[in-house]
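This is what each chain is made of:
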Amino acid sequence: MYQAMLDRVLSVARAVLAALRGQLDALCWSLTPLSLSLSLPGRWRDSPSRWERKQECDDASPTPTSVNYHFTRQCNYKCGFCFHTAKTSFVLPLEEAKRGLAMLKEAGMEKINFSGGEPFLQDRGEFVGKLVQFCKQELELPSVSIVSNGSLIRERWFKKYGEYLDILAISCDSFDEDVNVLIGRGQGKKNHVENLHKLRQWCREYAVAFKINSVINRFNVEEDMNEQIKALNPVRWKVFQCLLIEGENSGEDALREAEKFVISDEDFERFLDRHKDISCLVPESNQKMRDSYLILDEYMRFLNCRNGRKEPSKSILDVGVEAAIKFSGFDEKMFLTRGGKYVWSKADMKLDW
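Because the structure is a prediction, the values reported are computed rather than measured.

A closer look at helix α7 (residues 192-205)
Now for step 1: The end-to-end C-alpha separation of α7 is 20 Å, in line with the 20 Å expected for 14 residues at 1.5 Å each.
Now for step 2: For α7, every residue scored as buried is listed here: H192, V193, N195, L196, L199, R200, W202 and C203.
Now for step 3: The secondary structure elements touched by the buried residues of α7 are α5 (155-161), β4 (167-171), α6 (177-183), β5 (209-216) and α8 (226-232).
Now for step 4: Where α7 begins, the side chain of N191 points an oxygen toward the backbone nitrogen of V193, at a separation of 3.0 Å.

Listed below in C-alpha coordinates is the structure:
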(Lines give C-alpha, C1' and ligand atoms only; values in the text may rest on other atoms or scores of the structure.)
Protein backbone atom coordinates (compact mmCIF):
# COMPACT_ATOMS: atom_id res chain seq x y z
CA MET A 1 0.00 0.00 0.00
CA TYR A 2 2.82 2.39 0.96
CA GLN A 3 4.62 1.64 -2.33
CA ALA A 4 1.45 2.48 -4.30
CA MET A 5 1.11 5.78 -2.42
CA LEU A 6 4.78 6.59 -3.08
CA ASP A 7 4.38 5.81 -6.80
CA ARG A 8 1.35 8.11 -6.93
CA VAL A 9 3.24 10.97 -5.24
CA LEU A 10 6.23 10.54 -7.58
CA SER A 11 3.95 10.50 -10.62
CA VAL A 12 2.31 13.78 -9.56
CA ALA A 13 5.71 15.34 -8.82
CA ARG A 14 6.99 14.41 -12.27
CA ALA A 15 3.91 15.95 -13.89
CA VAL A 16 4.42 19.20 -11.94
CA LEU A 17 8.12 19.35 -12.88
CA ALA A 18 7.34 18.74 -16.56
CA ALA A 19 4.74 21.49 -16.55
CA LEU A 20 7.21 23.88 -14.88
CA ARG A 21 9.84 23.05 -17.48
CA GLY A 22 7.34 23.87 -20.23
CA GLN A 23 6.48 27.19 -18.60
CA LEU A 24 10.18 28.04 -18.22
CA ASP A 25 10.78 27.33 -21.92
CA ALA A 26 7.87 29.55 -22.87
CA LEU A 27 9.19 32.30 -20.54
CA CYS A 28 12.61 32.17 -22.20
CA TRP A 29 10.98 32.61 -25.61
CA SER A 30 8.90 35.54 -24.38
CA LEU A 31 11.95 37.32 -22.95
CA THR A 32 13.71 37.43 -26.34
CA PRO A 33 11.76 40.39 -27.78
CA LEU A 34 11.85 42.04 -24.34
CA SER A 35 15.65 42.04 -24.30
CA LEU A 36 15.66 43.68 -27.72
CA SER A 37 13.26 46.40 -26.62
CA LEU A 38 15.40 47.26 -23.61
CA SER A 39 18.28 48.22 -25.92
CA LEU A 40 16.15 50.72 -27.84
CA PRO A 41 16.28 54.40 -26.89
CA GLY A 42 13.65 56.76 -25.52
CA ARG A 43 9.99 56.43 -26.38
CA TRP A 44 10.40 53.06 -28.16
CA ARG A 45 10.82 51.34 -24.81
CA ASP A 46 7.19 51.98 -23.89
CA SER A 47 5.71 50.99 -27.26
CA PRO A 48 6.38 47.48 -28.67
CA SER A 49 7.26 47.51 -32.34
CA ARG A 50 5.24 45.80 -35.03
CA TRP A 51 7.96 43.14 -35.22
CA GLU A 52 7.72 42.52 -31.48
CA ARG A 53 3.94 42.24 -31.60
CA LYS A 54 4.25 39.76 -34.47
CA GLN A 55 6.78 37.73 -32.48
CA GLU A 56 4.39 37.59 -29.53
CA CYS A 57 1.65 36.26 -31.80
CA ASP A 58 4.01 33.76 -33.45
CA ASP A 59 5.25 32.51 -30.06
CA ALA A 60 1.74 32.04 -28.64
CA SER A 61 0.95 28.37 -28.15
CA PRO A 62 -2.29 26.97 -29.57
CA THR A 63 -4.69 25.34 -27.13
CA PRO A 64 -4.81 21.52 -27.40
CA THR A 65 -8.62 21.48 -27.43
CA SER A 66 -8.83 18.18 -29.33
CA VAL A 67 -5.94 15.71 -29.37
CA ASN A 68 -5.43 12.48 -31.31
CA TYR A 69 -3.20 10.12 -29.32
CA HIS A 70 -1.76 7.31 -31.45
CA PHE A 71 -0.44 5.34 -28.48
CA THR A 72 0.48 2.29 -30.58
CA ARG A 73 1.61 1.74 -34.16
CA GLN A 74 0.93 -2.01 -34.14
CA CYS A 75 -2.05 -3.25 -36.16
CA ASN A 76 -3.60 -6.56 -37.24
CA TYR A 77 -4.67 -5.11 -40.62
CA LYS A 78 -2.45 -4.11 -43.55
CA CYS A 79 -4.25 -1.21 -45.20
CA GLY A 80 -2.18 -0.16 -48.19
CA PHE A 81 -2.63 3.58 -47.64
CA CYS A 82 -2.01 3.60 -43.84
CA PHE A 83 -0.24 6.82 -42.84
CA HIS A 84 0.71 5.78 -39.29
CA THR A 85 2.51 2.50 -39.83
CA ALA A 86 4.11 -0.03 -37.45
CA LYS A 87 7.61 1.47 -37.45
CA THR A 88 7.98 0.73 -33.72
CA SER A 89 6.30 -1.55 -31.19
CA PHE A 90 6.73 0.91 -28.33
CA VAL A 91 3.82 1.70 -25.99
CA LEU A 92 4.18 3.95 -22.94
CA PRO A 93 3.57 2.41 -19.52
CA LEU A 94 -0.01 3.05 -18.45
CA GLU A 95 0.87 5.46 -15.64
CA GLU A 96 3.13 7.54 -17.91
CA ALA A 97 0.35 7.77 -20.48
CA LYS A 98 -2.04 8.93 -17.75
CA ARG A 99 0.50 11.53 -16.61
CA GLY A 100 0.69 12.96 -20.13
CA LEU A 101 -3.08 13.02 -20.48
CA ALA A 102 -3.38 14.91 -17.18
CA MET A 103 -0.87 17.47 -18.49
CA LEU A 104 -2.94 17.91 -21.65
CA LYS A 105 -6.11 18.42 -19.61
CA GLU A 106 -4.31 21.08 -17.58
CA ALA A 107 -3.31 22.78 -20.86
CA GLY A 108 -6.92 22.96 -22.07
CA MET A 109 -7.74 19.61 -23.69
CA GLU A 110 -11.49 18.94 -23.96
CA LYS A 111 -11.51 15.95 -26.29
CA ILE A 112 -9.16 12.97 -26.57
CA ASN A 113 -9.26 10.49 -29.43
CA PHE A 114 -7.36 7.22 -29.03
CA SER A 115 -6.05 5.72 -32.24
CA GLY A 116 -3.23 3.61 -33.63
CA GLY A 117 -2.31 1.31 -35.19
CA GLU A 118 -5.16 -0.64 -33.71
CA PRO A 119 -5.92 0.49 -30.13
CA PHE A 120 -7.64 -2.76 -29.12
CA LEU A 121 -4.52 -4.80 -29.89
CA GLN A 122 -2.74 -3.73 -26.67
CA ASP A 123 -3.69 -6.02 -23.74
CA ARG A 124 -6.84 -7.12 -25.62
CA GLY A 125 -8.41 -3.71 -25.25
CA GLU A 126 -7.70 -3.35 -21.52
CA PHE A 127 -5.04 -0.65 -22.05
CA VAL A 128 -7.31 1.65 -24.05
CA GLY A 129 -10.23 0.81 -21.76
CA LYS A 130 -8.30 1.98 -18.70
CA LEU A 131 -7.27 5.18 -20.51
CA VAL A 132 -10.88 5.84 -21.53
CA GLN A 133 -12.08 5.35 -17.95
CA PHE A 134 -9.29 7.58 -16.58
CA CYS A 135 -10.08 10.41 -19.02
CA LYS A 136 -13.81 10.38 -18.36
CA GLN A 137 -13.89 9.51 -14.65
CA GLU A 138 -10.79 11.25 -13.24
CA LEU A 139 -10.00 13.97 -15.79
CA GLU A 140 -13.73 14.55 -16.47
CA LEU A 141 -13.14 15.29 -20.15
CA PRO A 142 -16.28 16.28 -22.09
CA SER A 143 -15.44 13.87 -24.92
CA VAL A 144 -13.54 10.58 -25.14
CA SER A 145 -13.44 8.69 -28.44
CA ILE A 146 -11.68 5.78 -30.16
CA VAL A 147 -10.91 5.03 -33.80
CA SER A 148 -10.65 1.29 -34.47
CA ASN A 149 -10.97 -1.21 -37.29
CA GLY A 150 -13.41 -3.01 -34.99
CA SER A 151 -12.08 -6.52 -35.51
CA LEU A 152 -10.94 -7.08 -31.92
CA ILE A 153 -13.78 -5.42 -29.98
CA ARG A 154 -15.90 -7.76 -27.89
CA GLU A 155 -19.20 -7.12 -26.10
CA ARG A 156 -17.53 -7.61 -22.71
CA TRP A 157 -15.47 -4.46 -23.42
CA PHE A 158 -18.67 -2.42 -23.81
CA LYS A 159 -20.00 -3.88 -20.56
CA LYS A 160 -16.86 -2.81 -18.69
CA TYR A 161 -15.95 0.49 -20.36
CA GLY A 162 -18.85 1.58 -22.57
CA GLU A 163 -20.24 4.10 -20.08
CA TYR A 164 -16.98 6.09 -20.25
CA LEU A 165 -16.82 6.28 -24.06
CA ASP A 166 -18.59 9.04 -25.98
CA ILE A 167 -17.83 8.04 -29.59
CA LEU A 168 -16.61 4.86 -31.27
CA ALA A 169 -15.42 5.42 -34.83
CA ILE A 170 -15.04 2.33 -37.00
CA SER A 171 -12.96 2.47 -40.17
CA CYS A 172 -14.87 1.14 -43.17
CA ASP A 173 -13.78 2.03 -46.70
CA SER A 174 -16.13 -0.18 -48.67
CA PHE A 175 -19.30 -2.23 -48.33
CA ASP A 176 -17.93 -4.68 -50.90
CA GLU A 177 -15.87 -7.26 -49.02
CA ASP A 178 -13.70 -7.93 -52.07
CA VAL A 179 -12.69 -4.26 -52.13
CA ASN A 180 -11.83 -4.38 -48.43
CA VAL A 181 -9.54 -7.33 -49.11
CA LEU A 182 -7.85 -5.42 -51.96
CA ILE A 183 -7.26 -2.47 -49.66
CA GLY A 184 -5.88 -4.70 -46.90
CA ARG A 185 -8.69 -4.09 -44.44
CA GLY A 186 -9.37 -7.68 -43.55
CA GLN A 187 -8.18 -10.60 -41.45
CA GLY A 188 -8.68 -14.18 -42.50
CA LYS A 189 -12.30 -15.25 -42.84
CA LYS A 190 -13.75 -12.38 -40.81
CA ASN A 191 -16.22 -10.26 -42.72
CA HIS A 192 -15.48 -6.59 -42.06
CA VAL A 193 -18.95 -5.37 -43.09
CA GLU A 194 -20.81 -7.95 -41.00
CA ASN A 195 -18.71 -7.01 -37.99
CA LEU A 196 -19.51 -3.33 -38.60
CA HIS A 197 -23.24 -4.02 -38.20
CA LYS A 198 -22.62 -6.00 -34.99
CA LEU A 199 -20.65 -3.09 -33.52
CA ARG A 200 -23.41 -0.69 -34.53
CA GLN A 201 -25.88 -2.70 -32.50
CA TRP A 202 -23.60 -2.82 -29.44
CA CYS A 203 -23.21 0.95 -29.59
CA ARG A 204 -27.01 1.26 -29.41
CA GLU A 205 -27.26 -1.15 -26.50
CA TYR A 206 -24.48 0.47 -24.46
CA ALA A 207 -25.20 4.14 -25.34
CA VAL A 208 -22.06 4.90 -27.33
CA ALA A 209 -22.29 7.28 -30.30
CA PHE A 210 -21.39 5.44 -33.51
CA LYS A 211 -19.22 6.99 -36.21
CA ILE A 212 -17.77 5.72 -39.50
CA ASN A 213 -14.44 6.76 -41.05
CA SER A 214 -13.79 6.10 -44.74
CA VAL A 215 -10.65 6.74 -46.78
CA ILE A 216 -11.56 7.40 -50.40
CA ASN A 217 -9.03 5.87 -52.75
CA ARG A 218 -8.60 4.36 -56.20
CA PHE A 219 -10.46 1.15 -55.25
CA ASN A 220 -13.64 2.67 -53.76
CA VAL A 221 -13.96 6.08 -55.42
CA GLU A 222 -16.72 4.89 -57.78
CA GLU A 223 -18.74 3.13 -55.06
CA ASP A 224 -22.20 4.34 -54.07
CA MET A 225 -22.50 4.02 -50.27
CA ASN A 226 -25.72 5.98 -49.80
CA GLU A 227 -27.98 3.07 -48.89
CA GLN A 228 -25.56 1.41 -46.45
CA ILE A 229 -24.63 4.62 -44.61
CA LYS A 230 -28.26 5.63 -44.20
CA ALA A 231 -29.09 2.18 -42.83
CA LEU A 232 -26.26 2.35 -40.26
CA ASN A 233 -27.18 5.94 -39.35
CA PRO A 234 -23.90 7.06 -37.74
CA VAL A 235 -23.69 10.40 -35.91
CA ARG A 236 -20.86 11.33 -38.28
CA TRP A 237 -19.47 9.84 -41.48
CA LYS A 238 -15.93 11.19 -41.82
CA VAL A 239 -14.73 10.91 -45.42
CA PHE A 240 -11.00 11.40 -45.99
CA GLN A 241 -9.08 11.82 -49.22
CA CYS A 242 -6.19 9.34 -49.46
CA LEU A 243 -3.10 11.18 -48.19
CA LEU A 244 0.61 10.53 -48.84
CA ILE A 245 3.02 11.00 -45.91
CA GLU A 246 6.70 10.54 -46.69
CA GLY A 247 8.32 7.93 -44.48
CA GLU A 248 4.98 6.30 -43.67
CA ASN A 249 3.22 5.33 -46.92
CA SER A 250 5.53 6.96 -49.45
CA GLY A 251 9.29 7.21 -50.01
CA GLU A 252 12.31 4.99 -49.53
CA ASP A 253 11.98 4.43 -45.77
CA ALA A 254 8.21 3.83 -45.84
CA LEU A 255 6.50 0.57 -44.87
CA ARG A 256 3.67 1.16 -47.38
CA GLU A 257 3.48 2.25 -51.01
CA ALA A 258 0.24 4.20 -51.23
CA GLU A 259 0.81 5.89 -54.57
CA LYS A 260 -1.50 3.43 -56.32
CA PHE A 261 -4.34 4.42 -53.94
CA VAL A 262 -4.16 8.17 -54.55
CA ILE A 263 -7.05 9.98 -56.26
CA SER A 264 -7.29 13.48 -57.67
CA ASP A 265 -9.14 16.36 -56.04
CA GLU A 266 -11.71 16.09 -58.84
CA ASP A 267 -12.28 12.39 -58.11
CA PHE A 268 -12.78 13.18 -54.44
CA GLU A 269 -15.28 15.93 -55.24
CA ARG A 270 -17.26 13.57 -57.49
CA PHE A 271 -17.50 11.05 -54.64
CA LEU A 272 -18.70 13.77 -52.28
CA ASP A 273 -21.26 14.99 -54.78
CA ARG A 274 -22.65 11.46 -55.12
CA HIS A 275 -23.26 11.39 -51.35
CA LYS A 276 -24.27 15.01 -50.77
CA ASP A 277 -27.72 14.06 -49.45
CA ILE A 278 -26.29 12.26 -46.43
CA SER A 279 -26.66 14.72 -43.57
CA CYS A 280 -23.92 13.22 -41.37
CA LEU A 281 -21.27 13.45 -44.12
CA VAL A 282 -18.10 15.27 -42.99
CA PRO A 283 -15.64 15.60 -45.91
CA GLU A 284 -11.93 16.18 -45.33
CA SER A 285 -9.64 16.88 -48.24
CA ASN A 286 -5.86 16.58 -48.00
CA GLN A 287 -5.58 20.34 -47.60
CA LYS A 288 -7.88 20.38 -44.57
CA MET A 289 -6.41 17.26 -42.99
CA ARG A 290 -2.68 17.97 -43.09
CA ASP A 291 -2.41 20.86 -40.59
CA SER A 292 -5.68 20.78 -38.66
CA TYR A 293 -5.08 17.78 -36.40
CA LEU A 294 -3.05 17.66 -33.20
CA ILE A 295 -1.39 14.27 -33.36
CA LEU A 296 0.57 12.68 -30.51
CA ASP A 297 2.70 9.66 -31.32
CA GLU A 298 3.53 6.72 -29.07
CA TYR A 299 6.18 8.79 -27.24
CA MET A 300 3.70 11.66 -26.71
CA ARG A 301 5.45 13.84 -29.26
CA PHE A 302 3.41 16.20 -31.44
CA LEU A 303 3.80 15.34 -35.13
CA ASN A 304 4.24 18.20 -37.61
CA CYS A 305 3.01 17.17 -41.10
CA ARG A 306 3.40 20.52 -42.87
CA ASN A 307 6.36 19.38 -44.97
CA GLY A 308 4.68 16.16 -46.13
CA ARG A 309 6.28 13.95 -43.50
CA LYS A 310 5.88 13.51 -39.75
CA GLU A 311 8.44 15.60 -37.89
CA PRO A 312 8.22 15.03 -34.10
CA SER A 313 8.50 17.60 -31.35
CA LYS A 314 10.07 16.73 -28.02
CA SER A 315 7.81 14.68 -25.77
CA ILE A 316 5.38 16.59 -23.60
CA LEU A 317 6.55 14.32 -20.78
CA ASP A 318 10.01 15.90 -21.03
CA VAL A 319 9.35 19.56 -21.92
CA GLY A 320 5.69 20.14 -21.11
CA VAL A 321 2.72 20.74 -23.40
CA GLU A 322 3.27 24.44 -24.08
CA ALA A 323 6.86 24.00 -25.25
CA ALA A 324 6.15 20.90 -27.37
CA ILE A 325 3.03 22.21 -29.08
CA LYS A 326 4.94 25.15 -30.60
CA PHE A 327 6.52 22.67 -33.01
CA SER A 328 3.30 20.83 -33.94
CA GLY A 329 2.51 22.85 -37.09
CA PHE A 330 -1.09 22.91 -35.86
CA ASP A 331 -3.37 25.36 -37.68
CA GLU A 332 -5.98 26.25 -35.07
CA LYS A 333 -8.02 28.32 -37.55
CA MET A 334 -8.20 25.42 -40.02
CA PHE A 335 -9.24 23.13 -37.15
CA LEU A 336 -12.22 25.38 -36.46
CA THR A 337 -12.95 25.96 -40.17
CA ARG A 338 -13.20 22.24 -40.92
CA GLY A 339 -15.65 21.81 -38.02
CA GLY A 340 -13.16 20.21 -35.67
CA LYS A 341 -15.20 21.37 -32.69
CA TYR A 342 -18.75 20.00 -32.64
CA VAL A 343 -21.21 18.40 -30.23
CA TRP A 344 -18.87 15.64 -29.12
CA SER A 345 -20.14 14.64 -25.70
CA LYS A 346 -22.82 11.96 -25.75
CA ALA A 347 -24.49 13.71 -22.82
CA ASP A 348 -25.29 16.59 -25.20
CA MET A 349 -26.33 14.45 -28.17
CA LYS A 350 -29.99 13.78 -28.93
CA LEU A 351 -29.65 10.23 -30.13
CA ASP A 352 -31.91 7.27 -30.69
CA TRP A 353 -29.62 4.67 -29.20
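Examining the environment of W157
Now for step 1: Of note, W157 is situated in helix α5.
Now for step 2: W157 sits in the buried class, given a relative accessible area of 5%.
Now for step 3: Put simply, W157 and G125 are 32 residues apart on the chain and 7.3 Å apart in space, counted from C-alpha to C-alpha.
Now for step 4: Not counting residues within four places of it along the chain, the set of residues in contact with W157 comprises F120, G125, V128, G129, I146, G162 and L165.

What about the side chain of E248?
Now for step 1: Locating E248 in the fold gives a position in the loop between β6 (236-241) and α9 (265-274).
Now for step 2: Of the polar contacts made by the side chain of E248, one reaches the side chain of T85; its length is 2.8 Å.
Now for step 3: Setting aside residues no more than four positions away along its own chain, E248 makes contact with R73, C82, F83, H84, T85, K87, A254, L255, R256 and K310.

Here we look at helix α4 (residues 126-138)
Now for step 1: Taking 1.5 Å of rise per residue, 13 residues should cover 18 Å, and α4 covers 17 Å from first to last C-alpha, within 8% of that figure.
Now for step 2: Residues F127, V128, G129, L131, V132, F134, C135 and K136 constitute the buried set of α4.
Now for step 3: Buried residues along α4 sit against β1 (66-70), α3 (94-106), β2 (111-115), β3 (143-148) and α5.

A look at unusual backbone geometry
Now for step 1: Look at the link from G116 to G117: it is a cis peptide, with omega at 10 degrees.
Now for step 2: You will see that R124, though not glycine, has its phi angle at about 55 degrees, which is positive.
Now for step 3: By the element assignment, R124 lies in the loop between β2 and α4.
Now for step 4: A residue is classified by how much of its surface remains accessible, and R124, at 75% relative accessible area, is exposed.
Now for step 5: One non-glycine residue, N233, lies in the positive phi region at around 50 degrees.
Now for step 6: By secondary structure assignment, the location of N233 is in the loop between α8 and β6.

What counts and what doesn't
Residues numbered from 1 in each chain as written. Predicted model: local features only at pLDDT ≥ 70, side-chain atom pairs only at ≥ 80, totals over all residues. Heavy atoms only, no water. Helix = DSSP H or I, 4+ residues; strand = E, 2+ residues; numbered from the N terminus. Expected span 1.5 Å × (residues − 1). Buried < 20%, exposed > 50% of the residue type's maximum accessible area, 1.4 Å probe, protein only. Contact = heavy atoms within 4.5 Å. Polar contact = N/O pair within 3.5 Å; in protein donor to acceptor, adjacent residues only side chain to side chain.

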